[in-house]
Amino acid sequence: MSEPTHIDLLAESNEFRRPRLIRFSDCDPAGIVFYPQYFVMLNGLVEDWVNEGLGLSYHGLVAQRRIGLPTVKLEADFRAVSRMGDQVMLGLTVERLGSRSMALLVRCFDAAAGELRMQVKQVLVTTSLETHRAVEIPPDMRAAIVRNAPTLG
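Bear in mind that the values here come from a model prediction, so they are computed numbers and not experimental data.

A. How the structure looks around the environment of Glu-52. Within the element layout of this structure, Glu-52 appears in helix α1 (residues 35-53). Distance from Glu-52 to Ala-144, taken between C-alpha atoms, is 11 Å for residues 92 residues apart in sequence. Those residues in contact with Glu-52 that sit more than four places away from it in its chain are Phe-16 and Arg-18. Among the polar contacts made by the side chain of Glu-52, one reaches the side chain of Arg-18 at a distance of 2.6 Å.

B. Broad picture of the pairing of strand β4 (residues 87-97). Looking at chain direction, strand β1 (residues 16-21) and β4 are connected through six bridges and run antiparallel. Considered in β4, the bridge of Leu-21 is made with Gln-87. Across nine bridges, β4 lies against strand β5 (residues 101-110) in antiparallel orientation. For Leu-92, the partnering residue across the bridge sits in β5 and is Val-106. Once β4 ends, the chain turns through three residues before running back antiparallel as β5.

C. Just the pattern of salt bridges, in detail. Per the counting criterion, the structure on display carries 11 salt bridges. The salt bridge partner of Glu-15 is Arg-17, with a shortest N-O separation of 2.6 Å. Each of the two residues, Glu-15 as well as Arg-17, counts as buried. Residue Arg-107 pairs with Glu-15 through a salt bridge whose shortest N-O separation is 2.8 Å. With Arg-107 in strand β5 and Glu-15 in the segment before β1, this pair connects stretches of sequence that are 92 residues apart. What you see here is one network of salt bridges that share partners, running through Asp-86, Asp-110, Glu-115 and Arg-117.

The rules we used
Residue positions are given per chain, counted from 1 along the sequence in the order it is written. The predicted origin of the model limits local features to residues at a pLDDT of at least 70 and limits the giving and counting of side-chain atom pairs to 80 or more, whereas totals for whole chains, interfaces and linings rest on all residues. Excluding hydrogens and water, the side-chain figures rest on all heavy atoms present in the structure. Here a strand is any run of E in DSSP of at least two residues, a helix any run of H or I of at least four, and the numbering for each starts at the N terminus. Residue contacts follow a heavy-atom distance rule, with two residues in contact if any of their heavy atoms lie within 4.5 Å. Pairs of N or O atoms within 3.5 Å make up the polar contacts considered here, provided that, within protein, one atom can donate a hydrogen while the other can accept it, and that residues adjacent in sequence are counted only when both atoms are side-chain atoms. Strands are treated as partners if at least two bridges between them are detected by DSSP. Put simply, a salt bridge is a Lys or Arg side-chain nitrogen that is within 4 Å of an Asp or Glu carboxyl oxygen. Throughout this description, buried means an accessible area under 20% of the type-specific maximum (1.4 Å probe, protein chains only), exposed means over 50%, and partly exposed covers the range between.

What follows is the structure in structure tokens.
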């Protein structure tokens, strides 16, 4: 069975979505997104998800509570090119919630047609920024994730 190449734009889901314009600074000389720039975009999406989707402060989590969210596994699948001026949608879904980690599906797709441009399977671990060791996902963060995706609880 092949993986889907289009996103159902109207489907009800727990996916956190944000529109994103592909900018000149995102592109290489061929005029398409230089692949590391996707990782920068998706990291920004994780910050937006914590701030807006979970209703927590990413800055507060990192700078005040000293909780990090480093990536420990990343699997990227590039399906179609994105060009300067394209209006895309970035989406994030929590697929698995552990005690100290979470698995995310993060996607970039055409905002109008739903064509999948790329997707990432990413595992984040909550860590102490003092010891750099894994720690339990903070209770308020876990509660916010489960509130948005009750099947994970």
